[in-house]
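The residues making up each chain are set out below.
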Amino acid sequence: MSGSYSTQNTDEGCEKVKHIESQTRLSSSTNSMESDENKVRGNWTGRFDFLLSCIGYAVGLGNIWRFPYLCYRNGGGAFLIPYLTFLILCGMPLVFLEMSYGQFANLSPITVWKMSPFFKGIGYGMVIISGMVCIYYNIILTWTLYYLFNSFRSVLPWGNCNNDWNDERCALRGEQNTSNATNINVSVLSNTTTTVYRHLESSTIATNVSTMIGNASAKVLKQTPSEQYWQKNVLQLTSGIEEMGELRLELSLCLLLAWVVVFMCLAKGVKSSGKVVYVTATFPYLVLIILVVRGVTLPGSANGIYHYLVPKWEKLGQFKRCYCDSNYQLWHKHFCWSGYFQHYRFYGS
């Protein structure tokens, strides 16, 4: 009995020692994580916060509305050759470099240049450019909110030509592209013709100019309702920069809402922004999937995909356009020069 009792006590003692050791290791790892946590600025809550932030930064509006246009203009699939070449040789190494020295120095884009004060202006340039990008991206977000709110109307304002801002040139798709528009700007054309007659001595030249003006006035290009809604209602374009126009209350409120959303995302620093990216980083992919499904279901989509992706090898010989566009798209997409990736690693442990 005594032998079995001693064996039982030994087993219980071993289990207690193992439990104490596991608790010690857990507490030590927790203490090490707490010691890595910056109490002032905070750190990423998890690895996925950092990963999704980088993905959401790399995939944005440029991938939806700019990259397809450049790919189509520069030879379809042939455009991917210089683009992937620049991506492998320039883009990815610079992103890795920016992340590496951001994590190594654990400093902001300005203070990191203490290693070489002569180049400190680069840090200030990064911050200024990032601020400019944030301002004009919020303007784009303002237009997006304005369209979003107007899309809840029973009749879309950009779907017809019965609005106050529409003029004679407004026409729905499918209607004749040009029309007889001799009554448009008749007074302007007649005044122009009269001025030409006064300043030109040769009657032959005056007649030719008058004929050209008449031919130009005979055909005026039509505009879709969506185009006129954008130019005449949303932007309210003026004749030039010297005419500033008036303050738009609707757009001002949308801009205020956009900045409020930005403030709410950054209210608690990286802790709150790290959670927002779970939505903002995955939403562009959802939009892309919706656009792809919608596009392939349209009539003639197979022909469009064929002309879009089949390489046009002769475009590779146009160095100034093809290679410059691919290079510009790379920098526009990754912003390796703006300090974003360095700042993301700045919040790492």
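Residues numbered from 1 in each chain as written. Predicted model: local features only at pLDDT ≥ 70, side-chain atom pairs only at ≥ 80, totals over all residues. Heavy atoms only, no water.

Quick word on the overall build of the protein
Okay, so step 1: Within the protein, the secondary structure is distributed over 14 helices and two strands.
Okay, so step 2: In the protein, which comprises 349 residues, the proportion classed as buried is 28%.
Okay, so step 3: Accessible surface computed for the protein: about 23500 Å², of which carbon and sulfur atoms make up 66%. (Helix = DSSP H or I, 4+ residues; strand = E, 2+ residues; numbered from the N terminus. Buried < 20%, exposed > 50% of the residue type's maximum accessible area, 1.4 Å probe, protein only. Areas by Shrake-Rupley, 256 points an atom, 1.4 Å probe, with all protein chains shown as cover.)

Some details on the layout of surface pockets
One way to see where empty space is left: roll a probe the size of a water molecule over the atoms.
Okay, so step 1: In this structure, the second largest pocket spans a volume of roughly 570 Å³.
Okay, so step 2: Listing elements by their share of the lining of the second largest pocket, those giving two or more residues are helix H3 (61-73), helix H11 (283-296) and helix H12 (301-309).
Okay, so step 3: Of the residues in the lining of the second largest pocket, the class split is eleven nonpolar, five polar and no charged. (1 Å grid on protein atoms, 1.4 Å probe; cavity = no way out; pocket = protein on both sides within 12 Å on 5 of 7 lines; lining within 4 Å. Points joined across faces, edges and corners; volume = space filled by probe spheres on them. Nonpolar A, V, L, I, M, F, W, Y, C, P; charged D, E, K, R; others polar.)

So, the nonpolar core
Nonpolar side chains in soluble globular proteins tend to be buried together.
Okay, so step 1: The biggest cluster of nonpolar side chains holds 13 residues, and the ones touching the most others in it are Trp 44, Phe 50, Cys 54, Met 99, Phe 341 and Tyr 344.
Okay, so step 2: Listing elements by their share of this core, those giving two or more residues are helix H2 (47-58), helix H4 (80-105) and helix H14 (340-346).
Okay, so step 3: Looking at this core element by element, the count peaks at four residues for H14.
Okay, so step 4: Sequence-distant contacts of Cys 54, defined by excluding residues within four places in its chain, comprise Met 99, Phe 341 and Tyr 344. (Core = buried A, V, L, I, M, F, W, Y, C linked by side-chain atoms within 4.5 Å. Contact = heavy atoms within 4.5 Å.)

A few points about the packing of aromatic side chains
Okay, so step 1: In the structure shown here, the tally under the stated rule is twelve aromatic pairs.
Okay, so step 2: Between the aromatic rings of Tyr 136 and Tyr 137, the centroid separation amounts to 5.1 Å while the plane-to-plane angle is 50 degrees, which identifies the pairing as tilted.
Okay, so step 3: Look at Tyr 136 and you get partly exposed, because its relative accessible area is 37%.
Okay, so step 4: Members of the aromatic cluster, connected to one another through ring pairs, are Trp 143, Tyr 147, Trp 158, Trp 165, Tyr 229 and Trp 230. (Phe/Tyr/Trp six-rings, centres within 6.5 Å; stacked < 30°, edge-to-face > 60°.)

Section: a nonpolar patch on the surface
Okay, so step 1: A surface patch of nonpolar side chains, about 1100 Å² in accessible area, is lined by Leu 148, Phe 149, Phe 152, Leu 249, Leu 253, Leu 256, Leu 257, Val 260, Val 261, Phe 263 and Met 264.
Okay, so step 2: Sorting the residues of the nonpolar patch by element identifies helix H5 (120-150) and helix H9 (249-266) as the ones contributing at least two each.
Okay, so step 3: The dominant element in the nonpolar patch, judged by the number of residues it contributes, is H9, at eight residues.
Okay, so step 4: Mapped onto the elements, Leu 148 comes out in helix H5. (Patch = residues over 30% accessible without salt bridge, like charges linked within 9 Å, V, L, I, M, F, W, Y side chains within 5 Å. Salt bridge = Lys/Arg side-chain N within 4 Å of Asp/Glu carboxyl O.)

Brief notes about the state of the cysteines
Okay, so step 1: In the structure shown here, the tally under the stated rule is one disulfide.
Okay, so step 2: Two residues, Cys 161 and Cys 170, share a disulfide whose sulfurs are 2.1 Å apart. The S-S bond linking Cys 161 to Cys 170 shows a torsion near -75 degrees; that makes this disulfide left-handed. (Disulfide = S-S within 2.5 Å.)

Details of the side chain of Thr 142
Okay, so step 1: Inspection of the secondary structure assignment puts Thr 142 in helix H5.
Okay, so step 2: Among the residues examined, Thr 142 registers a relative accessible area of 3% and is labelled buried.
Okay, so step 3: Leaving out residues up to four positions away in the same chain, Thr 142 has contacts with Leu 251, Cys 254, Leu 255 and Ala 258.

Re the packing of H2 against helix H10 (residues 270-280)
Okay, so step 1: In the contact formed by H2 and H10, the axes pass within 8 Å of each other and the chain directions differ by 55 degrees. Judged by the angle between their axes, H2 and H10 are oblique. Crossing geometry of H2 relative to H10 is assigned as left-handed. Residue-level inspection shows Phe 48, Asp 49, Leu 52 and Ser 53 of H2 in contact with H10, the latter providing Gly 274, Lys 275, Val 277 and Tyr 278.
Okay, so step 2: Its residues assigned to classes, the contact of H2 with H10 shows four nonpolar, two polar and two charged. (Axes fitted to C-alpha atoms, helices over the stretch in contact; angles between N-to-C directions. Parallel < 35°, antiparallel > 145°, perpendicular 65-115°, else oblique. Left-handed = near helix turned anticlockwise from the far one by under 90°.)

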